[in-house]
Amino acid sequence: MKKNIQIAEKSKIWFAFSLILITISIGSLFINGLNFGIDFIGGTIVTIELHTPFETSDAKALIDEFDSSADVTYAGDAKTQVIISTKDDLSSEERQALFDKFQEKYNLENSDLLSIDTVSPSIGAEMTNSAMIAAIVAVLLMLLYITFRFEFMFGLTAVVALVHDLIIVLGVYSVFQIQVNSPLIAALLTILGYSINDTIVVFDRIRENRLKFGKYDYAALIDTSVSQTLRRSINTSFTTLLAIGSLYVFGVPAVQDFALPLMVGIISGTYSSIFIASALWCKIKEFQFSKKTAVKN
């Protein structure tokens, strides 16, 4: 008989590992904060047609005197358009001076300055508020659905696992000071859906197996149920990571900004579904049982 993975018995190890990651993440969020991009704090976006492929390092060299931390990406089918995103609100003179540098180097016409857009910080604030509301509503609806389908404790532990995943993803962005822009919002909501789906698969197997075990044999129930779904969870996550990893390696910067948090979230979500949500449910049920027993005695 195949030996089950020891989820309940070694729960302190799983919890300690997550606690370390969460502590690092929260600590970094308080100390370093998040590196918010132009989508959140405002700035200027300049798009120029260069009529030739270019190296981003060459473009950055031309804009260093205006903003050395500005982001440079490319666009267009032939990747000949340079998009310059700076958190500074460039004046009309600075915008013209910036274009003059590119005009001189690449022999451009005035019409090659395709657009200059100013992003207001108020838009970023509105986006942040909308994202927070969307995340809270999504979590509450998931809690209601799982409570209705299973039980409240299943829903509660699933929500804890979701919060665990979101904190770790934000922690990675904070620790490595990866710029936070609007694609992260879509990625976080996607992670919520992916992680809860994986957790529900595990919980569904727990519910199916409850009749096969003693009423209060929670540890054996968890170990067996997680072991039965382990291969499915790992294989699904691995194949998903292959697809998203390909997008990150070969995709344009905008796609990479979406793929990176997804990869981190899928890894964290798989871990929390297997080792955190089920183990936490087990410990809560054991605590409730011991409390009930103590009251009777």
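About the thresholds
Residue indices follow the written sequence of each chain, beginning from 1 at its first position. Where totals are concerned, whole chains, interfaces and linings use all residues; where local detail is concerned, this predicted model gives features only for residues with pLDDT of at least 70, and gives and counts side-chain atom pairs only at 80 or more. With hydrogens and water stripped out, all remaining heavy atoms of the structure feed into the side-chain values. Each helix corresponds to a stretch of at least 4 residues labelled H or I by DSSP, and each strand to a stretch of at least 2 residues labelled E; elements are numbered beginning at the N terminus. Within these notes, the globule rule equals 2.2 Å times the number of residues to the 0.38 power, and the radius of gyration is based on C-alpha atoms. We call two residues in contact whenever any of their non-hydrogen atoms come within 4.5 Å of each other. Surface exposure here means Shrake-Rupley accessible area, sampled with a 1.4 Å probe, where a residue is shielded only by the protein chains that are shown. Under the counting rule used here, the positive set is Lys and Arg, the negative set is Asp and Glu, and His together with the chain ends is not counted. A single reference atom marks each charge: NZ on Lys, CZ on Arg, CG on Asp, CD on Glu. Strands are labelled as partners when DSSP assigns at least two bridges between them. We call Phe, Tyr and Trp rings a pair once their centres come within 6.5 Å, taking the six-membered ring for Trp, and we label the pair stacked below 30 degrees between planes, edge-to-face above 60, and tilted otherwise. Throughout, exposure labels follow a simple rule: accessible area from a 1.4 Å probe, protein chains only, divided by the maximum for the residue type, with under 20% read as buried, over 50% as exposed, and the rest as partly exposed. Note on criteria: charge over ring means Lys NZ or Arg CZ within 6 Å of the ring centre, with the direction from the centre no more than 35 degrees off the ring normal. In this analysis, axes come from line fits to C-alpha atoms, helices being fitted only over the stretch in contact, and the angle between any two N-to-C directions falls in the range 0 to 180 degrees. Note that the domain bounds reflect an automated or database-derived domain assignment. Buried area is calculated as the accessible area (1.4 Å probe) missing from two parts once they are joined, with the contributions of both summed. Here a cavity is any set of points on a 1 Å grid over the protein atoms alone where a 1.4 Å probe fits but cannot get out, and a pocket is any open set with protein on both sides within 12 Å along at least 5 of 7 lines; a residue lines the site when it has an atom within 4 Å of a point. Grid points are joined across faces, edges and corners, and a volume is the space filled by probe spheres set on the points. Gly is placed with the polar residues, together with every amino acid not listed as nonpolar (Ala, Val, Leu, Ile, Met, Phe, Trp, Tyr, Cys and Pro) or charged (Asp, Glu, Lys and Arg).

(A) Here's a closer look at the overall build of the protein chain. In terms of helices and strands, the protein chain carries 9 helices and 6 strands. Radius of gyration (C-alpha) of the protein chain: 25 Å, far over the 19 Å computed for a compact globule of 297 residues. In terms of overall dimensions, the protein chain has C-alpha extents of about 85 × 40 × 30 Å along its principal axes. Across the protein chain, every contact between residues at least 6 apart in sequence was considered, and the portion connecting residues at least 24 apart equals 76%. Accessible area of the protein chain: about 15800 Å², with a carbon and sulfur share of 63%. The average position of the 23 basic charges and that of the 29 acidic charges among the side chains of the protein chain differ by 25 Å.

(B) Representation of the pairing of strand 3 (residues 71–75). With 5 bridges connecting them, strand 3 and strand 4 (residues 81–86) associate as antiparallel partners. Looking across to strand 4, one finds that Y74 is bridged to V82. Here strand 3 hands over to strand 4 after 5 residues, with G76 in that stretch at a positive phi of 90 degrees.

(C) Geometry of the packing of aromatic side chains. Inspection of the entire model under this criterion finds 10 aromatic pairs. Here F36 and F40 contribute two aromatic rings whose centre-to-centre distance is 5.4 Å and whose plane-to-plane angle is 55 degrees, an arrangement assigned as tilted. Ring centres 4.7 Å apart and planes at 5 degrees place the aromatic pair F154 and W281 in the stacked group. Taken together, the residues F154 in helix 6 (residues 152–175) and W281 in helix 9 (residues 253–296) connect sequence positions 127 residues apart. On the basis of relative accessible area, W281 is assigned to the buried category, the value being 0%. When the ring centre of Y106 is taken as reference, the NZ or CZ atom of K105 above it lies at 5.7 Å.

(D) Up close: the sheet that holds strand 4. On the basis of which strands lie adjacent, the open sheet formed by 4 strands has the order 3-4-2-5 and antiparallel pairing. Looking along the sheet, the strands with just one partner apiece sit at the ends: strand 3 and strand 5 (113–119). Each strand of the sheet is rotated relative to its neighbour by a mean of 15 degrees, with strand direction disregarded. Pairing of strand 2 (residues 43–49) with strand 5 involves 6 bridges; the strand directions are antiparallel. Within the sheet, the bridge partner assigned to I48 lies in strand 5 and is L113. Contacts from helix 3 (residues 56–63) reach strand 3 and strand 4, with the element oriented near 130 degrees to strand 3. Along the sheet face, helix 4 (residues 92–106) touches strand 2, strand 4 and strand 5 and points at about 30 degrees away from the line of strand 2.

(E) Geometry of the domain arrangement of the protein chain. If you check the domain split of the protein chain, you get domain 1 (8–36 + 123–295) and domain 2 (43–119). For domain 1 versus domain 2, the distance between C-alpha centres works out to 40 Å. Contact residues are listed per partner, giving 5 residues for domain 1 and 4 residues for domain 2. Note on domain 1 versus domain 2: buried area summed over both sides is about 430 Å², and carbon and sulfur give 54% of it.

(F) Up close: empty space enclosed by the protein. Applying the stated criterion across every chain yields a total of 3 cavities of 30 Å³ or more. Here the largest cavity is characterised by a volume of approximately 50 Å³. Contributing to the lining of the largest cavity are G37, I38, D67, S69, A70, D71, S85, T86, K87 and Q179. Of the residues belonging to the lining of the largest cavity, the class tally is 2 nonpolar, 5 polar and 3 charged.

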